[in-house]
Amino acid sequence: MQFSSYDTQGFYDEMFEGSGRPRAHARLLLETVESLSQGQLLRYKHAAERLLLQMGITFNVYGDAAGTERIFPFDLIPRIVPAGEWDRIERGLQQRVRVLNAFIDDIYHDQKILKDGTIPSDVVLSAVSYRKQCQGLNPPRRVWCHITGTDLVRDRDGQYYVLEDNLRVPSGVSYVLENREVLKRIFPAVFEGLSVRPVAEYPSRLLEMLESIAPGGRANPCVVMLTPGIHNSAYFEHSFLAQQMGVRLVEGRDLVANDRGVFMRTTKGPERVDVIYRRIDDDFLDPEAFRPDSLLGVPGLMAAYQAGRVALANAPGNGVADDKVIYAYVPEMIRYYEGDDAILPNVPTYLCWRDSDRSYVLEHLAELVVKSANESGGYGMLVGPHSTRKQQEEFAAKIQANPRNFIAQPTLGLSRVPTIVDENFEGRHVDLRPYILCGKEIYVLPGGLTRVAMTKGSLVVNSSQGGGSKDTWVLERGPAQEQTGGAGGQQQ
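Given the structure is predicted, the values throughout are model-derived calculations rather than measurements.

### Some words on the domain arrangement of the protein
In many analyses, interface size is given as the accessible surface area lost on bringing the parts together.
Here comes step 1: By the assigned domains, the protein splits into domain 1 (201-313) and domain 2 (348-411).
Here comes step 2: Summarising the inter-unit geometry, the C-alpha centres of domain 1 and domain 2 are found 37 Å apart.

### With respect to the side chain of Asn405
Here comes step 1: Position of Asn405 among the secondary structure elements: in the loop between helix H14 (389-401) and strand S16 (406-410).
Here comes step 2: Asn405 has contacts with Lys371, Ser372, Ala373 and Asn374, leaving out every residue within four places of it along the chain.

### Describing helix H13 (residues 355-363)
Here comes step 1: When we look at burial in H13, the residues that qualify are Asp357, Arg358 and Val361. Looking straight down H13, one finds that the buried residues subtend no more than 100° of arc, so they occupy a single side. For H13, the exposed residues set more than 90 degrees away from the buried face come down to Asp355, Ser356 and Glu363.

### Observations regarding the pairing of S16
Here comes step 1: Among the five residues of S16, four are classified as buried, and the element is accordingly described as predominantly covered.
Here comes step 2: By the bridge criterion, two bridges tie strand S13 (residues 350-351) to S16 in an arrangement that is antiparallel. In the sheet register, Leu351 faces S16, and the bridge partner there is Ile407.
Here comes step 3: As paired strands, strand S14 (residues 368-372) and S16 are joined by five bridges and run antiparallel to one another. Looking across to S16, one finds that Val370 is bridged to Ala408.

### Describing the pattern of salt bridges
Here comes step 1: Taken as a whole and judged by the stated rule, the model has 30 salt bridges.
Here comes step 2: A salt bridge links Arg253 to Glu251; its shortest N-O distance comes to 3.5 Å.
Here comes step 3: Residue classification places Glu251 among the partly exposed positions, given a relative accessible area of 21%.
Here comes step 4: Arg358 is the partner of Asp355 in a salt bridge, and the nearest nitrogen-oxygen pair spans 2.7 Å. Of this pair, Asp355 and Arg358 both sit in helix H13, separated by three residues, roughly a single helical turn.
Here comes step 5: On the basis of relative accessible area, Arg358 is assigned to the buried category, the value being 19%.

### Looking at the packing of aromatic side chains
Here comes step 1: A full pass over the atoms with the stated rule returns twelve aromatic pairs.
Here comes step 2: Relative to Phe16, the ring of Phe3 has its centre 5.6 Å away and its plane inclined at 50°; by these criteria the two rings are tilted. Pair noted here: Phe3 is in the segment before helix H1 (27-34) and Phe16 is in the segment before H1, with a separation of 13 residues, a long-range link.
Here comes step 3: Accessibility expressed as a relative area gives 5% for Phe3, which makes it buried.

### A closer look at the environment of Leu52
Here comes step 1: For Leu52, the position within the fold is in helix H2 (residues 40-55).
Here comes step 2: Accessibility expressed as a relative area gives 2% for Leu52, which makes it buried.
Here comes step 3: For the pair Leu52 and Ala408, spaced 356 residues apart in sequence, the C-alpha to C-alpha distance is 37 Å.
Here comes step 4: Residues in contact with Leu52, not counting those within four places in the same chain, are Ile57, Ile71, Phe72, Phe74 and Val182.

### Comments concerning the sheet that holds strand S9 (residues 261-264)
Here comes step 1: Spatial strand order, S8-S9-S10: three strands in an open sheet with antiparallel pairing. For this open sheet the edge positions go to strand S8 (255-258) and strand S10 (271-273), each flanked by a neighbour on one side alone. Sheet twist, expressed as the average angle between the axes of neighbouring strands with direction ignored, equals 40°.
Here comes step 2: In the sheet, S8 pairs with S9 via four bridges, with the strands oriented antiparallel.

### Digging into the environment of Leu76
Here comes step 1: With respect to the helices, strands and loops of the structure, Leu76 is situated in strand S3 (residues 74-81).
Here comes step 2: A relative accessible area of 1% means that Leu76 is categorised as buried.
Here comes step 3: Spatially, the C-alpha atom of Leu76 lies 9.0 Å from that of Asn179, the residues being 103 residues apart in sequence.
Here comes step 4: In contact with Leu76, not counting residues within four places along its chain, are Leu41, Tyr44, Lys45, Ala48, Leu183, Ile186, Phe187 and Ile420.

Rules used in this analysis
- Residues numbered from 1 in each chain as written.
- Predicted model: local features only at pLDDT ≥ 70, side-chain atom pairs only at ≥ 80, totals over all residues.
- Heavy atoms only, no water.
- Domains from an automatic or database assignment.
- Helix = DSSP H or I, 4+ residues; strand = E, 2+ residues; numbered from the N terminus.
- Contact = heavy atoms within 4.5 Å.
- Buried < 20%, exposed > 50% of the residue type's maximum accessible area, 1.4 Å probe, protein only.
- Arc of directions from axis to C-beta.
- Pairing = 2+ DSSP bridges.
- Salt bridge = Lys/Arg side-chain N within 4 Å of Asp/Glu carboxyl O.
- Phe/Tyr/Trp six-rings, centres within 6.5 Å; stacked < 30°, edge-to-face > 60°.
- Axes fitted to C-alpha atoms, helices over the stretch in contact; angles between N-to-C directions.

Take a look at the structure:
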């Protein structure tokens, strides 16, 4: 398999320049791939798929009639991010997480940003994920977003944009860790020759962050991972991370909350729990505080949390900043709380609750991407250029019925990475989800999950919609990186 016939088709390509020349940081990978014997790369591909299945790296798709677990499709050609390019991404993500924490804390306390008119009050207080129960809540270190997965895209101009923030229960980091293990076995020489930054420390970093928020700074705190159970689509990740951190994986029925704290049922009797990394949405966390019909949560958990007897990550209520309408105001938040411009810009966004924006969106549905404010996984979305007239009419009716619930954005020409399709390389569109941990400090995992739209021409990268993933290689800074700045076409 050779790259000689590979065509960037006018998109920004992470491996090749528009002229067809490989980018400097991709040359070693290209030479290695092209030096393989006939059929060797495909044999590697099949071996990787068998390895992923043996590892149990699967997921469920809600509503799938077959109800079977699937391998998350994985492509062997990695995405490579030069050091200079990553430096800017890292600084931008740290800035964003700082400000989102400041915003959420403000919303649940003095609401200065609303009183000063920077963001309309009704937009924030009408958010589906705004929780009145969290008003006046003081999480440890005033951190609300302990684990964040921020989706980035790169447009034709080479610029990175923030597509959305995932603050509630972001998933996917297990695939980052396992994808790396597979690639290290297949391309060890390239991996070492390019000095790729490691990702294996993420579980220890995660555990360190969780322990840092234990009530009263308790020594050797008990940390548990709270899962909805085996039928959750991300259950593999829950069990994987618990195993990697060396903590107990529990369900709501395993925990008891009372006026002394939260305790885990064990064969030796109740054991105090200090920190809960919860992978359950707010609605189901505590039937006494949120949905009374929830069978997944722990009755009395919120009372124990509010009393400071247990710590939760992520903090309840942080989804108020996860709303796609409120996302549009993050640049204003950054200027309000830090007095600076955003290092990583948002994608230009039309807010359908505004009359002028709504009129424009309704007239240009065939050109725009329309999203519901609180849907995820590629659901509740219209990709205008790939939609039918009937779909556009249906979305127009939805927008007019509930304009607060919709935003629209230009259809971006997402960057592409060569991907193995049958026995050839073809460009497929990608995004990037880095993972950020916030405790005593803000740590950004070097790389993240590169999700790839496996269908030709598709812009939808979500696994539930047939997307796959690639390993993401962030390079250490070396002589070549110092000279080029690692920009790879990035606009500064």
